[in-house]
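What follows is each chain in one-letter form.
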Amino acid sequence: MHTPSEFLPGTVSLVGAGPGDPELLTLKAVKAISAATVLLVDDLVSDAVLAHAKPGARIVHVGKRGGCKSTPQAFIEKLMVMAAGEGEVVVRLKGGDPFIFGRGGEEVEALRAAGIEVQVVNGITAGLAGLTSLGVPLTHREHAHGVVFVTGHAKPGDSGTDWPALAATARDAKLTLVIYMGVSGSQQIQTELLTGLPAHTPVAVIQHATLPQQRHAVTTLGQLRATIEHEGLGSPAVIVVGDVVSGIAALQAPLPLVRTA
């Protein structure tokens, strides 16, 4: 099989596998996966995505999940450098997009410091795909002038997101908030966002976005944690906060009867 010119021995590609549905892979992602001789794969990448790997490719699972035992980041970076140094065509395959909470920036820095040629192939991030799967946008001329992607999970020793400040900004600037890795800390997020946003602010929680087992709940900010517990929602999930979410209820409402003369 001919290796595409952009995927050469001794190089590394950070490839976004998208939110889960293999049909949402980009064409370039499929080319990269099929060219690789070594793939270092995140936990959230499905077998259907790995079906694009060529026979004989070495697949190494390097899971990184919040709250679970994870492969150390430094070890993953060492594996990439070693494999590239051995002349392999290396793909670091990540759920979503490598540059949106995927530690892609850290990995690019480590590879460049080692003199390894690296490129990034973007993927559709779950924060976009999750709400799109429910039929509503993240931005809207009347309801949301922008969108903020934010993590609900701070690294050890980091104070994390200033939720009250973010709530005030979202209120004043009419922004949609898309919160990744926020289920475990949803009570604190709810409490602190309520300092700047009203309790009736619409919220959607989408688990396993775009996969057959996708589940979601539509609620309000004041009922966020209670809804997560009642519905048994867990990670991986995104929490979307903002007026655009009200469009889901409108779509799910029964259509009015049309009377004809």
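## Points about the environment of Ile76
- Within the fold, Ile76 resides in helix α3 (residues 73-85).
- A relative accessible area of 0% places Ile76 in the buried class.
- When the C-alpha atoms of Ile76 and Gly104 are compared, they prove to be 12 Å apart, with 28 residues separating the residues in sequence.

## Things to note about the confidence of the model for the protein chain
- Predicted confidence across the protein chain gives a mean pLDDT of 91, with 91% of residues reaching 70 or more.
- Segment residues 254-261: pLDDT under 50, and 0 contacts once partners within four positions in sequence are set aside and those in other chains are kept.

## Let's talk about the nonpolar core
- Residues Ile179, Leu193, Val205, Ile239 and Val241 are the most contacted members of the largest nonpolar core, which totals 22 residues.
- Elements supplying a minimum of two residues to this core: α6 (163-173), β7 (175-180), α7 (186-193), β8 (202-207), α8 (224-231) and β10 (237-241).
- With residues up to four places along the chain from it excluded, the contact list for Val241 reads Leu175, Thr176, Leu177, Ile179, Leu193, Leu197, Thr201, Pro202 and Val203.
- Ranked by size, the runner-up nonpolar core spans 20 residues in total, among them Phe7, Leu25, Ile33 and Ala57.

## Looking at the layout of surface pockets
- Approximately 210 Å³ is the volume found for the second largest pocket.
- Among the secondary structure elements, those contributing two or more residues to the lining of the second largest pocket are α6 and β7.
- Top element by residues in the lining of the second largest pocket is β7. It accounts for 3 residues.
- By residue class, the composition of the lining of the second largest pocket is 8 nonpolar, 5 polar and 3 charged.

## Some remarks on the pattern of salt bridges
- Enumeration over the complete set of coordinates arrives at 5 salt bridges.
- Across the pair Arg92 and Glu107 runs a salt bridge whose closest N-O atoms are separated by 3.2 Å. Note that Arg92 is positioned in strand β4 (residues 90-94) and Glu107 in helix α4 (residues 104-113), a separation of 15 residues in sequence. Note on accessibility: Arg92 and Glu107 belong to one class, buried.
- For Arg225, the salt bridge is made with Glu229, and the minimal N-O distance between the two is 3.1 Å. Of this pair, Arg225 and Glu229 both sit in helix α8, separated by 4 residues, roughly a single helical turn.

What counts and what doesn't
Residues numbered from 1 in each chain as written. Predicted model: local features only at pLDDT ≥ 70, side-chain atom pairs only at ≥ 80, totals over all residues. Heavy atoms only, no water. Helix = DSSP H or I, 4+ residues; strand = E, 2+ residues; numbered from the N terminus. Buried < 20%, exposed > 50% of the residue type's maximum accessible area, 1.4 Å probe, protein only. pLDDT = per-residue confidence, 0-100. Contact = heavy atoms within 4.5 Å. Core = buried A, V, L, I, M, F, W, Y, C linked by side-chain atoms within 4.5 Å. 1 Å grid on protein atoms, 1.4 Å probe; cavity = no way out; pocket = protein on both sides within 12 Å on 5 of 7 lines; lining within 4 Å. Points joined across faces, edges and corners; volume = space filled by probe spheres on them. Nonpolar A, V, L, I, M, F, W, Y, C, P; charged D, E, K, R; others polar. Salt bridge = Lys/Arg side-chain N within 4 Å of Asp/Glu carboxyl O.

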